[in-house]
Amino acid sequence: MAHIVKQITAVPAYKDFVDIVLSKTQRKTPTVIHKHYKISRIREFYMRKVKFAQQTFHDKLTLIISEFPIITDLHPFYGTLMNVLYNQDHYKLALGGINRARQLIDDCAKDHLKLLKYGDSMYRCKCLKRAALGRMVTIIKGQSKNLLYLEEIRQHINRLPSIDPNTRTLLITGFPNVGKSSFINKISRADVEVQPYAFTTKSLYVGHTDYKFLRWQVIDTPGILDHPIEDRNSIEMQAITALIHIRAVVLYIVDISEQCGHNLDEQLSLYRNIKPSFSNRPIVIVFNKIDIVKPDELPEDKKAIIEEFHAESELVLEMSNVTEDGVMEVKKQACERLLAYRVEQKLKSDKVGKVSNRLYVAMPQKRDEKERPAFIPPNARTTRKRKEIEDEDMEVVPRKLEKDLEQELGHDYSLDLRKNWLLENEEEKYDNAPEIWHGKNVADFIDPEIMEKLEALEKEEEKRDEAHYYSMSESDDEDTKKMRKLAGRIREKRQIIMLESREKRRSLKPRISRSLKRSRSQAELETELESRGVEVPTDKDSHYVRATSRSSSRRPLKRARSESEGRSLSRTPRDKSGMRDETEIKKVKKIARKAQKPMAHQARKGEGDRTILNMKPKHLFSGKRGIGKTQRR
């Protein structure tokens, strides 16, 4: 069913519906009135908004009404299925409510447009426009439940499988948990959930299989219980709908092990109950779960029920979904029965008579008794006779295929592609293929006596080894030891140099903190010098006294506050570095202030500010504009 409604547009909820229409009206129509406008122009301004809103509502409601299917135009299977799933009356009432809302919106717009033609002020026109849009929104608000209901139907229909009621179909039915879903999973590409409890399948599932190069549709129906049709729920009614309206071969699955919770007597009663639903269609009764118990192993009272099943249907088969015994046979027999049934139905229809009346089969007749054999050329006749004689003399030996050779030889088999080559000289089949390099055969540059020379060279090498030709002398051994010892020293020295340089890099120069006070005073220093026999000069003109007086007279410089606390006093301020004079500094600051203006308009702190503000729609927050085009909307 889903292929019928693939083009249905999503139905928005009431609030979304109103937001879409009003926002579109605001964007697509002019938004500013100037004081010099005439009253006629103001009327046209507001009439245009009302017309646009009415047309937008009308188009969207028409789209909803036209895209949802009309039940009377559908196949009876789809019509009945929609009635089972959604209640046909509720569906029609919802679409009728949408249609009525469309008419009311059109009438509302027509009435307010008449009043707007006689609006005597901008205030009156604006009030009429607001009243018109408000009434339209109120009408749509009254259809909020219908909109939600139609959206649920659209989503549910899209989830239903695509079923073609007129194609070749295998319809599987029976009690819950008898093995219907397992069977469809075995013979088709469907993946239906299988669980060991009843009513696992709650809707129709469709799979597809191939037989005789034809595509077949396999439908798995929910389980049916044996009670009156008025007591059946929507899950069971889906299966009944498929049984009534789809022309297919019906496979009634019977669980002879009775593990489904229903005995054979109940399953026979259900079969007789639903048999009128699929009358005039081929029926196949299938005994499932023969891996647990076979019909021959049942007690006598159960065998009597099995005989009644045989009496009810012409074709009764056995299978097991676990061991897959008889599964393909059931599929084959069901397909054959359906093909024969479809041919029989076509022969009974009126189309066969119309076609057969236009066909004429001509049978050739002899014009006289004279024999006129076919002419065979003499050469062809001679060749044919020779072949016949050769075939009689020669004993026909069947040709062995590569597959047969592989089975005979097993692991010793290797594929030989050269044995079937057709060459003038059969001995050349296994010759090495020439190796070509730059257009020349490599074999042309190989010495034909290379192997003999190689053997002679190997013998010569063996003789030299025996004569200890390659062994080193004692003097050579001593030289080698000296070289190795020297190389070891070089490596040790190199390693020591590397370690020393590494220690130098690690060590840092000691820094004396300025905050530390002197460990001793001048008087202590003089006393220590005198104790060691050093004369301390007392003359005022001496260098020692002058240096002492100068150092004591100095006062510590006050630390000037700078813009940056960590900057040295001798360093130029950052905003003045690289400038020649005060004029150039002022000029640079003026340029910086100008560059900051556009960033201030954009609410940015500076070039590094990457904050993205919330963008608002231009059509809702734009200011007044001049008279001009509105193509941007």
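Residues numbered from 1 in each chain as written. Predicted model: local features only at pLDDT ≥ 70, side-chain atom pairs only at ≥ 80, totals over all residues. Heavy atoms only, no water.

Peer 1: Hey, could you run me through the overall build of the chain in this one?
Peer 2: Secondary structure assignment for the chain yields 20 helices and 8 strands. In the chain, which comprises 633 residues, the proportion classed as buried is 28%. If you take every contact in the chain between residues at least 6 apart in sequence, the share linking residues at least 24 apart comes to 69%. Put simply, the chain shows about 47400 Å² of open surface, and 52% of that area lies on carbon and sulfur atoms. (Helix = DSSP H or I, 4+ residues; strand = E, 2+ residues; numbered from the N terminus. Buried < 20%, exposed > 50% of the residue type's maximum accessible area, 1.4 Å probe, protein only. Contact = heavy atoms within 4.5 Å. Areas by Shrake-Rupley, 256 points an atom, 1.4 Å probe, with all protein chains shown as cover.)

Peer 1: In this structure, what is going on with the pairing of strand S2 (residues 205–211)? I would like to understand it.
Peer 2: Remark: a regular strand shows side chains that alternate across the two faces of the sheet. In this structure, S2 lies alongside strand S3 (residues 214–220), joined through 7 bridges in antiparallel fashion. Across the sheet, Gly207 pairs through a bridge with Val218, a residue of S3. Hairpin remark: S2 followed by S3, antiparallel, with 2 residues in the connecting loop; positive phi at Lys212, about 55 degrees. (Pairing = 2+ DSSP bridges.)

Peer 1: I would appreciate a short explanation of the packing of helix H2 (residues 39–67) against helix H5 (residues 122–141) in the present structure.
Peer 2: Any two packed helices are characterised by the angle at which their axes cross and by the distance between the axes. Between H2 and H5, whose axes approach to 9 Å, the crossing angle comes to 5 degrees. The orientation of H2 relative to H5 falls into the category roughly parallel. Contact with H2, carried on its side by Ile39, Ile42, Arg43, Tyr46, Lys49, Val50, Ala53, Gln54, Phe57 and Leu61, involves Met122, Cys125, Lys126, Lys129, Ala132, Leu133, Met136 and Ile140 of H5 and no other residues of that element. Residues belonging to the contact of H2 with H5 are distributed by class as follows: 13 nonpolar, 1 polar and 4 charged. (Axes fitted to C-alpha atoms, helices over the stretch in contact; angles between N-to-C directions. Parallel < 35°, antiparallel > 145°, perpendicular 65-115°, else oblique. Nonpolar A, V, L, I, M, F, W, Y, C, P; charged D, E, K, R; others polar.)

Peer 1: Looking at this model, I keep getting lost on the nonpolar core. Mind explaining?
Peer 2: Generally speaking, nonpolar side chains in soluble globular proteins are found buried as a group. Core analysis: the largest hydrophobic core is formed by 52 residues, its most contacted members being Phe17, Phe68, Tyr91, Leu116, Met136 and Leu150. Within the residue set of this core, elements represented by two or more residues are helix H1 (14–28), H2, helix H3 (76–86), helix H4 (88–116), H5 and helix H6 (144–159). When neighbours within four sequence positions are excluded, Phe68 is seen to be in contact with Ile8, Val11, Tyr91, Leu95, Leu150, Ile153 and Arg154. Core analysis: the second largest hydrophobic core is formed by 45 residues, Ile172, Phe183, Tyr271 and Leu315 among them. (Core = buried A, V, L, I, M, F, W, Y, C linked by side-chain atoms within 4.5 Å.)

Peer 1: What's the story with the sheet that holds S3 in this structure? I'm lost.
Peer 2: Strands pair in a sheet through their backbones, by hydrogen bonds, and they do so in one of two ways: parallel or antiparallel. Spatially, the 6 strands line up as an open sheet ordered S2-S3-S1-S4-S5-S6, and their pairing is mixed. The strands lining the two open edges of the sheet, one partner per strand, are S2 and strand S6 (315–318). With direction set aside, neighbouring strand axes in the sheet form an average angle of 25 degrees. Running over the sheet, helix H9 (residues 264–274) touches strand S1 (169–174), strand S4 (249–255) and strand S5 (283–288) and is turned about 160 degrees from S4. Of the strands in this sheet, S4, S5 and S6 are in contact with helix H10 (residues 300–312), which crosses S5 at around 155 degrees.

Peer 1: Would you mind going over a positive patch on the surface with me for this structure?
Peer 2: On the surface, Arg247, Lys346, Lys351, Lys354 and Arg358 cluster together into a patch of positive charge. Assignment of secondary structure puts Lys351 in helix H12 (residues 350–357). (Patch = residues over 30% accessible without salt bridge, like charges linked within 9 Å, V, L, I, M, F, W, Y side chains within 5 Å. Salt bridge = Lys/Arg side-chain N within 4 Å of Asp/Glu carboxyl O. Lys, Arg positive; Asp, Glu negative; His and termini not counted. Charge placed at Lys NZ, Arg CZ, Asp CG, Glu CD.)

Peer 1: Which parts of the structure should I look at to understand the packing of aromatic side chains?
Peer 2: The geometry of an aromatic ring pair is captured by the separation of the ring centres together with the interplanar angle, meaning the angle of the planes. Under the criterion given, the structure shown has 7 aromatic pairs. Ring geometry for Phe17 against Phe57: centres 5.9 Å apart, planes inclined by 5 degrees, an arrangement best described as stacked. Of this pair, Phe17 sits in helix H1 while Phe57 sits in helix H2, and the two are 40 residues apart along the sequence. Exposure remark for Phe17: the relative accessible area of 1% places this residue in the buried category. (Phe/Tyr/Trp six-rings, centres within 6.5 Å; stacked < 30°, edge-to-face > 60°.)

Peer 1: Would you mind going over H10 with me for this structure?
Peer 2: Given 3.6 residues to a turn, an α-helix orients residues that are three or four positions apart in the same direction. Across its 13 residues, H10 extends 19 Å between first and last C-alpha, which sits within 8% of the 18 Å expected from 1.5 Å per residue. Those residues of H10 not exposed but buried are Lys302, Ile305, Ile306 and Phe309. Mapping the buried residues of H10 onto a view down its axis gives an arc of 105 degrees, with all of them on the same face. Those residues of H10 that are exposed and aimed more than 90 degrees away from the buried face are Glu300, Asp301, Glu307 and Ala311. Of the surrounding elements, those touching the buried residues of H10 are S4, H9, S5 and S6. (Expected span 1.5 Å × (residues − 1). Arc of directions from axis to C-beta.)

Peer 1: Even after reading the chapter, I still don't get a negative patch on the surface, so can you show me in this structure?
Peer 2: On the surface, Glu449, Glu452, Glu455, Glu458, Glu462, Asp465 and Glu466 cluster together to form a negatively charged patch. With respect to the element layout, Asp465 can be found in helix H15 (residues 450–466). Judged by relative accessible area, which is 48%, Asp465 ranks as partly exposed.

Peer 1: Would you mind going over the side chain of Lys49 with me for this structure?
Peer 2: With respect to the element layout, Lys49 can be found in helix H2. With no salt bridge to any partner, buried Lys49 finds its closest opposite charge in Glu44, at an N-O distance of 13 Å. At 2.9 Å, the side chain of Lys49 and the side chain of Thr29 are in polar contact. Once residues lying within four places of it in the same chain are set aside, the contact partners of Lys49 are Thr25, Gln26, Thr29, Pro30 and Lys129. (Polar contact = N/O pair within 3.5 Å; in protein donor to acceptor, adjacent residues only side chain to side chain.)

Peer 1: Can you help me understand unusual backbone geometry in this one?
Peer 2: When glycine is set aside, most residues are seen to have a negative phi, and most peptide bonds are trans. Residues other than glycine seldom take positive phi values, yet Glu258 does so here, at roughly 60 degrees. Here Glu258 lies in the loop between S4 and H9. Judged by its relative accessible area of 26%, Glu258 is partly exposed. The residue Glu324 is not glycine, and still its phi comes out positive at about 65 degrees. Position of Glu324 relative to the elements: it lies in the loop between S6 and helix H11 (327–348). On the accessibility criterion, Glu324 (48% relative accessible area) is partly exposed.

Peer 1: Looking at this structure, I do not really get the pattern of salt bridges. What am I missing?
Peer 2: Taken as a whole and judged by the stated rule, the model has 18 salt bridges. Between Lys186 and Glu324 there is a salt bridge, with its nearest N and O atoms 3.3 Å apart. Taken together, the residues span a long stretch of sequence, with Lys186 in helix H7 (residues 180–187) and Glu324 in the loop between S6 and H11 at a distance of 138 residues. Assessed through its relative accessible area of 36%, Lys186 is described here as partly exposed. For Lys419, the salt bridge is made with Glu402, and the minimal N-O distance between the two is 2.9 Å. One end of the pair, Lys419, is in the loop between helix H14 (402–409) and strand S7 (436–437); the other, Glu402, is in helix H14, and 17 residues separate them in sequence. Its relative accessible area of 31% is what places Lys419 among the partly exposed residues. Owing to a relative accessible area of 28%, Glu402 belongs among the partly exposed residues under this scheme. A network of salt bridges, in which partner residues are shared, links Arg272, Lys275, Glu308 and Glu312.

Peer 1: Any chance you could explain the side chain of Arg154 here in plain terms?
Peer 2: Along the chain, Arg154 falls in helix H6. Given a relative accessible area of 13%, Arg154 falls into the buried group. At 2.9 Å, the side chain of Arg154 forms a polar contact with the side chain of Glu151. With residues near it in sequence (within four places) discarded, Arg154 still touches Ile8, Thr9, Ala10, Val11 and Phe68.

Peer 1: Teacher, can you tell me more about H2 here?
Peer 2: For H2, with 29 residues, the first-to-last C-alpha span of 42 Å sits near the 42 Å given by 1.5 Å per residue. Burial in H2 covers these residues: Ile42, Phe45, Tyr46, Met47, Lys49, Val50, Ala53, Gln54, Thr56, Phe57, Leu61 and Ile64. Taken together, the buried residues of H2 touch H1, H4, H5 and H6.

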